Amino acid sequence: MRVFVAGASGAVGTRLVPQLVQRGHEVVGTARSPAKADRLRAPGVEAVVLDVLDRDAVRAAVAAAQPDAIVHEATALAGLSDLRNLDRTFAVTNRLRTEGTDALLAAAREAGVGRFVAQSYAGWPYAREGGPVKTEDDPLDPNPVPAMRETLAAIRRLERTVVEAGGLALRYGALYGSPDDAQVEPVRRRRLPLVGDGGGVWSFVHLDDAAGATVLALERGNPGVYNVADDEPAPVREWLPALAEALGAKPPRRVPRLLARLVAGEAPTVLMTEARGASNAKAKRELGWTLRYPSWREGFQAAYVGERAAGRNAASSSRGETRARRGHGGGRPAPGPGGASGRCC
(Lines give C-alpha, C1' and ligand atoms only; values in the text may rest on other atoms or scores of the structure.)
Protein backbone atom coordinates (compact mmCIF):
# COMPACT_ATOMS: atom_id res chain seq x y z
CA MET A 1 0.00 0.00 0.00
CA ARG A 2 1.20 3.52 -0.77
CA VAL A 3 0.57 5.65 2.33
CA PHE A 4 0.56 9.44 2.60
CA VAL A 5 1.46 10.39 6.20
CA ALA A 6 0.66 14.01 7.06
CA GLY A 7 2.77 15.02 10.04
CA ALA A 8 5.35 12.29 9.49
CA SER A 9 8.04 14.23 11.36
CA GLY A 10 5.99 14.47 14.57
CA ALA A 11 6.09 12.31 17.69
CA VAL A 12 3.84 9.55 16.36
CA GLY A 13 4.85 9.99 12.73
CA THR A 14 8.53 9.30 13.36
CA ARG A 15 7.57 5.97 14.98
CA LEU A 16 4.89 5.18 12.41
CA VAL A 17 6.91 5.63 9.23
CA PRO A 18 9.53 2.92 10.00
CA GLN A 19 6.81 0.47 11.01
CA LEU A 20 4.96 1.05 7.76
CA VAL A 21 8.12 0.50 5.73
CA GLN A 22 8.96 -2.62 7.73
CA ARG A 23 5.56 -4.07 6.79
CA GLY A 24 6.18 -3.45 3.11
CA HIS A 25 4.31 -0.18 2.55
CA GLU A 26 5.61 2.75 0.53
CA VAL A 27 5.46 6.04 2.44
CA VAL A 28 5.15 9.64 1.38
CA GLY A 29 5.73 11.66 4.56
CA THR A 30 5.18 15.36 5.11
CA ALA A 31 7.06 17.83 7.29
CA ARG A 32 6.75 21.56 7.87
CA SER A 33 10.39 22.41 7.09
CA PRO A 34 13.13 21.19 4.71
CA ALA A 35 15.31 20.22 7.67
CA LYS A 36 12.63 17.94 9.10
CA ALA A 37 11.88 16.56 5.67
CA ASP A 38 15.54 15.64 5.22
CA ARG A 39 15.40 13.59 8.42
CA LEU A 40 12.50 11.58 7.01
CA ARG A 41 14.29 10.45 3.88
CA ALA A 42 15.15 6.76 3.95
CA PRO A 43 14.65 3.69 1.75
CA GLY A 44 10.95 3.39 1.01
CA VAL A 45 10.17 6.95 2.16
CA GLU A 46 9.55 10.06 0.05
CA ALA A 47 9.63 13.35 1.96
CA VAL A 48 7.48 16.38 1.10
CA VAL A 49 7.53 19.83 2.69
CA LEU A 50 3.88 20.73 3.32
CA ASP A 51 1.70 23.04 5.39
CA VAL A 52 -1.43 20.97 6.03
CA LEU A 53 -3.40 24.20 6.51
CA ASP A 54 -2.66 25.21 2.90
CA ARG A 55 -5.59 23.57 1.12
CA ASP A 56 -4.24 24.04 -2.40
CA ALA A 57 -0.83 22.69 -1.43
CA VAL A 58 -2.44 19.65 0.21
CA ARG A 59 -4.50 18.98 -2.89
CA ALA A 60 -1.40 19.16 -5.10
CA ALA A 61 0.72 17.00 -2.80
CA VAL A 62 -1.87 14.23 -2.54
CA ALA A 63 -2.51 14.28 -6.27
CA ALA A 64 1.22 13.98 -6.95
CA ALA A 65 1.70 11.20 -4.39
CA GLN A 66 -1.20 9.07 -5.70
CA PRO A 67 -1.58 7.20 -2.40
CA ASP A 68 -3.87 4.33 -1.51
CA ALA A 69 -4.32 5.69 2.02
CA ILE A 70 -3.84 8.85 4.09
CA VAL A 71 -2.86 9.02 7.75
CA HIS A 72 -3.41 12.37 9.45
CA GLU A 73 -0.90 12.82 12.30
CA ALA A 74 -0.39 16.57 11.95
CA THR A 75 -0.41 18.44 15.26
CA ALA A 76 1.45 21.35 16.85
CA LEU A 77 1.99 19.95 20.34
CA ALA A 78 5.76 20.26 20.80
CA GLY A 79 6.82 22.30 23.80
CA LEU A 80 3.33 22.97 25.13
CA SER A 81 3.21 23.90 28.80
CA ASP A 82 0.46 26.47 29.43
CA LEU A 83 -2.59 24.42 30.38
CA ARG A 84 -4.34 27.29 32.14
CA ASN A 85 -5.21 28.66 28.70
CA LEU A 86 -5.61 25.25 27.05
CA ASP A 87 -7.66 26.44 24.07
CA ARG A 88 -5.14 29.15 23.29
CA THR A 89 -2.26 26.71 23.68
CA PHE A 90 -3.93 24.22 21.32
CA ALA A 91 -5.11 26.81 18.80
CA VAL A 92 -2.92 25.62 15.92
CA THR A 93 -3.59 21.95 16.66
CA ASN A 94 -7.32 22.72 16.69
CA ARG A 95 -7.01 24.24 13.24
CA LEU A 96 -5.12 21.16 12.05
CA ARG A 97 -7.92 19.00 13.46
CA THR A 98 -10.56 21.01 11.63
CA GLU A 99 -9.21 22.87 8.59
CA GLY A 100 -6.38 20.37 8.09
CA THR A 101 -8.75 17.42 8.24
CA ASP A 102 -11.08 19.09 5.76
CA ALA A 103 -8.19 19.74 3.37
CA LEU A 104 -6.91 16.16 3.55
CA LEU A 105 -10.36 14.63 3.15
CA ALA A 106 -11.12 16.85 0.16
CA ALA A 107 -7.82 15.85 -1.44
CA ALA A 108 -8.54 12.19 -0.68
CA ARG A 109 -11.94 12.37 -2.38
CA GLU A 110 -10.52 14.07 -5.44
CA ALA A 111 -7.66 11.56 -5.72
CA GLY A 112 -9.86 8.54 -5.07
CA VAL A 113 -8.05 7.53 -1.88
CA GLY A 114 -9.88 4.66 -0.21
CA ARG A 115 -8.46 4.65 3.34
CA PHE A 116 -8.23 7.50 5.87
CA VAL A 117 -6.97 7.34 9.46
CA ALA A 118 -6.71 10.37 11.75
CA GLN A 119 -5.27 11.07 15.17
CA SER A 120 -7.73 11.98 17.94
CA TYR A 121 -7.37 11.97 21.72
CA ALA A 122 -8.68 9.98 24.69
CA GLY A 123 -6.79 11.74 27.48
CA TRP A 124 -9.60 13.84 28.95
CA PRO A 125 -12.59 14.31 26.58
CA TYR A 126 -14.92 11.75 28.18
CA ALA A 127 -17.78 12.86 30.45
CA ARG A 128 -16.61 13.40 34.02
CA GLU A 129 -19.26 11.21 35.58
CA GLY A 130 -19.96 7.53 36.03
CA GLY A 131 -17.21 4.92 36.09
CA PRO A 132 -13.48 5.63 35.84
CA VAL A 133 -12.92 3.94 32.46
CA LYS A 134 -14.88 4.71 29.28
CA THR A 135 -15.48 2.93 25.98
CA GLU A 136 -15.97 4.47 22.57
CA ASP A 137 -19.74 4.27 23.10
CA ASP A 138 -19.66 6.50 26.17
CA PRO A 139 -20.43 10.22 25.73
CA LEU A 140 -17.80 12.91 25.62
CA ASP A 141 -17.95 15.70 28.18
CA PRO A 142 -21.20 17.64 27.61
CA ASN A 143 -20.02 20.55 29.73
CA PRO A 144 -16.24 21.06 29.51
CA VAL A 145 -14.64 23.84 31.49
CA PRO A 146 -14.49 27.08 29.46
CA ALA A 147 -10.74 26.87 28.79
CA MET A 148 -11.20 23.47 27.07
CA ARG A 149 -14.35 24.00 25.01
CA GLU A 150 -12.74 24.90 21.70
CA THR A 151 -10.30 22.01 21.91
CA LEU A 152 -13.04 19.49 22.66
CA ALA A 153 -15.15 20.94 19.85
CA ALA A 154 -12.24 20.43 17.44
CA ILE A 155 -11.86 16.81 18.57
CA ARG A 156 -15.59 16.18 18.13
CA ARG A 157 -15.57 17.72 14.67
CA LEU A 158 -12.53 15.73 13.53
CA GLU A 159 -14.08 12.46 14.64
CA ARG A 160 -17.48 13.19 13.14
CA THR A 161 -16.04 14.33 9.81
CA VAL A 162 -13.63 11.42 9.49
CA VAL A 163 -16.14 8.72 10.42
CA GLU A 164 -18.82 10.18 8.14
CA ALA A 165 -16.27 9.97 5.32
CA GLY A 166 -15.72 6.27 6.06
CA GLY A 167 -12.46 6.73 7.95
CA LEU A 168 -11.05 5.81 11.35
CA ALA A 169 -10.36 8.17 14.26
CA LEU A 170 -7.83 6.89 16.78
CA ARG A 171 -8.16 8.30 20.28
CA TYR A 172 -4.62 8.04 21.56
CA GLY A 173 -4.02 8.06 25.28
CA ALA A 174 -1.39 10.35 26.78
CA LEU A 175 1.65 9.73 24.60
CA TYR A 176 5.07 9.01 26.07
CA GLY A 177 8.31 7.32 25.12
CA SER A 178 10.75 10.12 24.23
CA PRO A 179 13.28 11.82 26.52
CA ASP A 180 11.72 15.18 25.60
CA ASP A 181 8.12 14.23 26.41
CA ALA A 182 6.16 17.26 27.62
CA GLN A 183 5.61 15.87 31.10
CA VAL A 184 9.25 14.98 31.76
CA GLU A 185 10.77 18.35 32.63
CA PRO A 186 7.88 19.55 34.84
CA VAL A 187 8.07 16.30 36.83
CA ARG A 188 11.83 16.58 37.17
CA ARG A 189 11.48 20.13 38.45
CA ARG A 190 8.54 19.21 40.72
CA ARG A 191 6.29 21.60 38.81
CA LEU A 192 3.61 18.97 38.23
CA PRO A 193 2.00 18.52 41.65
CA LEU A 194 -0.44 15.97 42.97
CA VAL A 195 -3.67 17.97 43.15
CA GLY A 196 -6.28 17.13 45.77
CA ASP A 197 -6.81 13.39 46.00
CA GLY A 198 -5.17 12.82 42.60
CA GLY A 199 -8.30 11.00 41.49
CA GLY A 200 -8.21 11.93 37.82
CA VAL A 201 -7.80 8.74 35.77
CA TRP A 202 -5.35 8.87 32.87
CA SER A 203 -4.76 6.42 30.04
CA PHE A 204 -1.28 6.27 28.54
CA VAL A 205 0.17 4.74 25.40
CA HIS A 206 3.80 4.38 24.41
CA LEU A 207 4.63 6.00 21.07
CA ASP A 208 5.71 2.66 19.58
CA ASP A 209 2.40 1.06 20.57
CA ALA A 210 0.42 4.02 19.20
CA ALA A 211 2.22 3.63 15.89
CA GLY A 212 1.60 -0.12 15.90
CA ALA A 213 -2.12 0.35 16.40
CA THR A 214 -2.17 2.91 13.59
CA VAL A 215 -0.59 0.46 11.16
CA LEU A 216 -3.21 -2.14 12.04
CA ALA A 217 -6.04 0.40 11.73
CA LEU A 218 -4.76 1.31 8.29
CA GLU A 219 -4.51 -2.31 7.15
CA ARG A 220 -7.65 -3.87 8.61
CA GLY A 221 -9.77 -1.50 10.69
CA ASN A 222 -13.42 -0.83 10.00
CA PRO A 223 -14.63 2.79 9.98
CA GLY A 224 -15.24 4.24 13.42
CA VAL A 225 -13.59 5.51 16.58
CA TYR A 226 -11.01 3.50 18.52
CA ASN A 227 -9.40 4.11 21.90
CA VAL A 228 -5.66 3.49 21.56
CA ALA A 229 -4.38 3.23 25.12
CA ASP A 230 -2.65 0.70 27.32
CA ASP A 231 -4.26 -1.87 29.62
CA GLU A 232 -4.00 0.08 32.86
CA PRO A 233 -5.87 3.39 33.21
CA ALA A 234 -4.69 4.81 36.51
CA PRO A 235 -5.35 7.72 38.86
CA VAL A 236 -2.80 10.50 39.02
CA ARG A 237 -1.93 9.54 42.59
CA GLU A 238 -0.52 6.27 41.23
CA TRP A 239 1.21 7.18 37.99
CA LEU A 240 2.69 10.57 38.90
CA PRO A 241 4.89 9.33 41.79
CA ALA A 242 5.92 6.37 39.62
CA LEU A 243 6.96 8.70 36.81
CA ALA A 244 8.96 10.84 39.22
CA GLU A 245 10.73 7.73 40.50
CA ALA A 246 11.50 6.55 36.95
CA LEU A 247 13.02 9.95 36.20
CA GLY A 248 15.06 9.96 39.40
CA ALA A 249 13.16 13.01 40.62
CA LYS A 250 11.83 13.84 44.05
CA PRO A 251 8.22 12.86 44.75
CA PRO A 252 5.64 15.36 43.49
CA ARG A 253 4.44 18.08 45.80
CA ARG A 254 0.87 17.96 47.08
CA VAL A 255 -1.43 20.90 46.45
CA PRO A 256 -5.04 21.37 47.63
CA ARG A 257 -7.56 21.52 44.81
CA LEU A 258 -8.67 25.07 45.67
CA LEU A 259 -5.11 26.37 45.57
CA ALA A 260 -4.44 24.57 42.28
CA ARG A 261 -7.51 26.17 40.74
CA LEU A 262 -6.38 29.62 41.87
CA VAL A 263 -2.78 29.22 40.73
CA ALA A 264 -3.00 26.98 37.65
CA GLY A 265 -6.61 27.36 36.55
CA GLU A 266 -9.61 25.10 36.20
CA ALA A 267 -8.40 23.04 33.21
CA PRO A 268 -5.26 21.54 34.83
CA THR A 269 -7.20 20.98 38.05
CA VAL A 270 -9.87 18.99 36.21
CA LEU A 271 -7.23 16.93 34.42
CA MET A 272 -5.65 15.97 37.73
CA THR A 273 -8.84 15.26 39.67
CA GLU A 274 -11.76 14.41 37.35
CA ALA A 275 -10.46 12.95 34.07
CA ARG A 276 -11.69 9.52 32.98
CA GLY A 277 -9.63 6.75 31.43
CA ALA A 278 -10.22 4.84 28.20
CA SER A 279 -10.81 1.14 27.55
CA ASN A 280 -8.74 -0.39 24.75
CA ALA A 281 -10.90 -3.51 24.40
CA LYS A 282 -12.27 -2.55 20.97
CA ALA A 283 -8.86 -1.85 19.45
CA LYS A 284 -7.45 -5.11 20.78
CA ARG A 285 -10.47 -7.10 19.65
CA GLU A 286 -11.07 -5.61 16.20
CA LEU A 287 -7.52 -4.71 15.17
CA GLY A 288 -5.70 -7.64 16.75
CA TRP A 289 -3.50 -5.11 18.54
CA THR A 290 -0.86 -6.46 20.94
CA LEU A 291 0.97 -3.93 23.08
CA ARG A 292 4.69 -3.97 23.62
CA TYR A 293 4.08 -2.04 26.85
CA PRO A 294 0.71 -3.15 28.26
CA SER A 295 1.17 -0.85 31.26
CA TRP A 296 2.71 2.55 31.79
CA ARG A 297 4.55 0.95 34.73
CA GLU A 298 6.89 -1.01 32.50
CA GLY A 299 6.72 1.63 29.77
CA PHE A 300 8.00 4.39 32.06
CA GLN A 301 10.86 2.16 33.13
CA ALA A 302 11.81 1.40 29.54
CA ALA A 303 11.45 4.98 28.35
CA TYR A 304 13.04 6.92 31.18
CA VAL A 305 15.18 4.76 33.48
CA GLY A 306 17.44 3.70 30.62
CA GLU A 307 17.57 7.26 29.33
CA ARG A 308 18.48 8.52 32.80
CA ALA A 309 21.28 5.96 33.10
CA ALA A 310 22.58 6.93 29.67
CA GLY A 311 22.57 10.55 30.78
CA ARG A 312 24.58 9.71 33.89
CA ASN A 313 27.09 7.72 31.84
CA ALA A 314 27.45 10.57 29.35
CA ALA A 315 27.97 13.06 32.18
CA SER A 316 30.52 10.78 33.82
CA SER A 317 32.36 10.33 30.52
CA SER A 318 32.36 14.08 29.98
CA ARG A 319 33.81 14.69 33.45
CA GLY A 320 36.48 12.05 32.79
CA GLU A 321 37.46 13.67 29.52
CA THR A 322 37.66 17.06 31.23
CA ARG A 323 39.94 15.67 33.94
CA ALA A 324 42.12 14.00 31.32
CA ARG A 325 42.49 17.25 29.42
CA ARG A 326 43.39 19.04 32.61
CA GLY A 327 45.97 16.41 33.39
CA HIS A 328 45.12 16.20 37.11
CA GLY A 329 43.38 13.20 38.63
CA GLY A 330 42.11 15.40 41.45
CA GLY A 331 40.24 17.63 39.01
CA ARG A 332 42.15 20.88 39.73
CA PRO A 333 42.79 23.00 36.64
CA ALA A 334 46.30 22.96 35.21
CA PRO A 335 48.17 26.25 35.48
CA GLY A 336 47.36 28.61 32.63
CA PRO A 337 48.49 31.98 31.39
CA GLY A 338 46.89 33.72 34.35
CA GLY A 339 48.52 31.61 37.06
CA ALA A 340 47.58 28.52 39.05
CA SER A 341 43.84 29.07 38.75
CA GLY A 342 43.92 29.11 34.97
CA ARG A 343 42.15 32.50 34.82
CA CYS A 344 43.25 34.88 32.17
CA CYS A 345 40.67 37.66 32.46
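Residues numbered from 1 in each chain as written. Predicted model: local features only at pLDDT ≥ 70, side-chain atom pairs only at ≥ 80, totals over all residues. Heavy atoms only, no water.

Another aspect to go through is the pattern of salt bridges. Under the defined criterion, the tally for this structure stands at 20 salt bridges. Notably, a salt bridge pairs R41 with D38, separated by 2.4 Å at the nearest N-O pair. A relative accessible area of 46% places R41 in the partly exposed class. Linking R285 and E286 is a salt bridge whose minimum nitrogen-to-oxygen distance equals 3.6 Å. Sharing partners across several salt bridges, the network here consists of R128, D141, R257 and E274. (Salt bridge = Lys/Arg side-chain N within 4 Å of Asp/Glu carboxyl O. Buried < 20%, exposed > 50% of the residue type's maximum accessible area, 1.4 Å probe, protein only.)

This paragraph deals with empty space enclosed by the protein. In total, this model carries 1 cavity of 30 Å³ or more according to the counting rule given. Considering only enclosed or pocket space, the largest cavity measures out at about 50 Å³ in volume. Every residue lining the largest cavity is listed: W124, R128, D141, P144, M148, V270, L271 and A275. Here the residues of the lining of the largest cavity are counted per class, giving 6 nonpolar, no polar and 2 charged. (1 Å grid on protein atoms, 1.4 Å probe; cavity = no way out; pocket = protein on both sides within 12 Å on 5 of 7 lines; lining within 4 Å. Points joined across faces, edges and corners; volume = space filled by probe spheres on them. Nonpolar A, V, L, I, M, F, W, Y, C, P; charged D, E, K, R; others polar.)

Moving on to the sheet that holds strand 7 (residues 168-172). Strand order across the open sheet formed by 7 strands is 3-2-1-4-5-7-12, with parallel pairing between neighbours. Two strands lie at the open edges of the sheet, namely strand 3 (45-49) and strand 12 (224-228), each paired on one side alone. With strand direction ignored, the average angle separating the axes of adjacent strands in the sheet is 20°. Sheet topology note: the strand 5 (residues 115-121)/strand 7 ladder contains 5 bridges and is parallel. Following the sheet pairing, Q119 is matched in strand 7 by L170. Its contacts with the sheet put helix 6 (residues 149-164) on strand 5, strand 7 and strand 12, and the angle it makes with strand 5 is roughly 160°. Across the sheet, helix 8 (residues 207-220) lies against strand 1 (2-6), strand 4 (69-72), strand 5, strand 7 and strand 12, angled at about 145° from strand 5, the strand it touches most. (Pairing = 2+ DSSP bridges. Helix = DSSP H or I, 4+ residues; strand = E, 2+ residues; numbered from the N terminus. Axes fitted to C-alpha atoms, helices over the stretch in contact; angles between N-to-C directions. Contact = heavy atoms within 4.5 Å.)

The subject of this paragraph is the packing of helix 3 (residues 55-65) against helix 5 (residues 91-111). The relative placement of two packed helices comes down to the angle between their axes together with the axis-to-axis distance. Between helix 3 and helix 5, the shortest axis-to-axis distance is 9 Å and the interhelical angle comes to 35°. Judged by the twist between their axes, the crossing of helix 3 over helix 5 is right-handed. On helix 5, the residues that touch R55, V58, R59 and V62 of helix 3 are D102, A103, L104, A106, A107, E110 and A111. (Left-handed = near helix turned anticlockwise from the far one by under 90°.)

It is worth spelling out the nonpolar core at this point. Judged by nonpolar contacts, the single largest core of 39 residues is most densely connected at Y176, W202, F204, W239, F300 and Y304. Per element, the largest residue contribution to this core is 6 residues, and it comes from helix 9 (residues 236-246). Discounting residues that sit within four places of it in the chain, Y304 has contacts with Y176, G177, S178, D181, Q183, V184, L243, A246 and L247. Core analysis: the next-biggest nonpolar cluster, separate from the first, contains 34 residues, V12, L16, L168 and A213 among them. (Core = buried A, V, L, I, M, F, W, Y, C linked by side-chain atoms within 4.5 Å.)

Applying the stated criterion across every chain, the model contains 9 aromatic pairs. For the ring pair Y176 and Y304, a centre distance of 6.5 Å and an interplane angle of 45° mean the geometry is tilted. With Y176 in strand 8 (residues 174-176) and Y304 in helix 13 (residues 296-326), this residue pair connects regions lying 128 residues apart in the sequence. Judged by relative accessible area, Y176 falls into the buried class, the value being 0%. By way of ring pairs, the aromatic residues Y176, W202, F204, W239, W296, F300 and Y304 are connected into one cluster. Note that K282 overlies the ring of Y226, its terminal NZ or CZ placed 4.5 Å from the centroid. (Phe/Tyr/Trp six-rings, centres within 6.5 Å; stacked < 30°, edge-to-face > 60°. Lys NZ or Arg CZ within 6 Å of the ring centre and 35° of its normal.)

So, on to a nonpolar patch on the surface. Taken together, L258, L259, L262 and V263 make up a surface patch of nonpolar side chains, about 420 Å² in accessible area. The topology assignment puts L262 in helix 10 (residues 257-264). Classification of L262 by relative accessible area gives exposed; the value is 62%. (Patch = residues over 30% accessible without salt bridge, like charges linked within 9 Å, V, L, I, M, F, W, Y side chains within 5 Å. Areas by Shrake-Rupley, 256 points an atom, 1.4 Å probe, with all protein chains shown as cover.)

Taking 1.5 Å per residue, 16 residues should reach 22 Å; helix 6 reaches 22 Å between its end C-alpha atoms and fits that length. Buried within helix 6 are the following residues: T151, L152, A154, I155, L158, E159 and V162. The buried residues of helix 6 occupy an angular sector of 155° when the element is viewed end-on, so they sit on one face. Pointing more than 90 degrees away from the buried face of helix 6 are the exposed residues E150 and E164. (Expected span 1.5 Å × (residues − 1). Arc of directions from axis to C-beta.)

We now examine the packing of helix 1 (residues 11-22) against helix 8. Across the interface, helix 1 lies against helix 8 with an axial gap of 8 Å and an inter-helix angle of 55°. Overall, the two elements helix 1 and helix 8 adopt an arrangement that is oblique. The way helix 1 lies across helix 8 gives a crossing that is right-handed. Between helix 1 and helix 8, the contacting residues are A11, V12, R15, L16, Q19 and L20 on the first element and L207, D208, A211, G212, T214, V215 and L218 on the second. Each residue belonging to the contact of helix 1 with helix 8 can be placed in one class, and the counts come to 8 nonpolar, 3 polar and 2 charged. (Parallel < 35°, antiparallel > 145°, perpendicular 65-115°, else oblique.)

What follows covers the pairing of strand 4. Put simply, side chains in a regular strand alternate between the two faces of the sheet. Going residue by residue along strand 4, you find A69 and V71 tucked away on one face and I70 and H72 tucked away on the opposite face as well. Taken together, the 4 bridges between strand 1 and strand 4 define a ladder with parallel strand orientation. The partner of V3 across the bridge, within strand 4, is A69.

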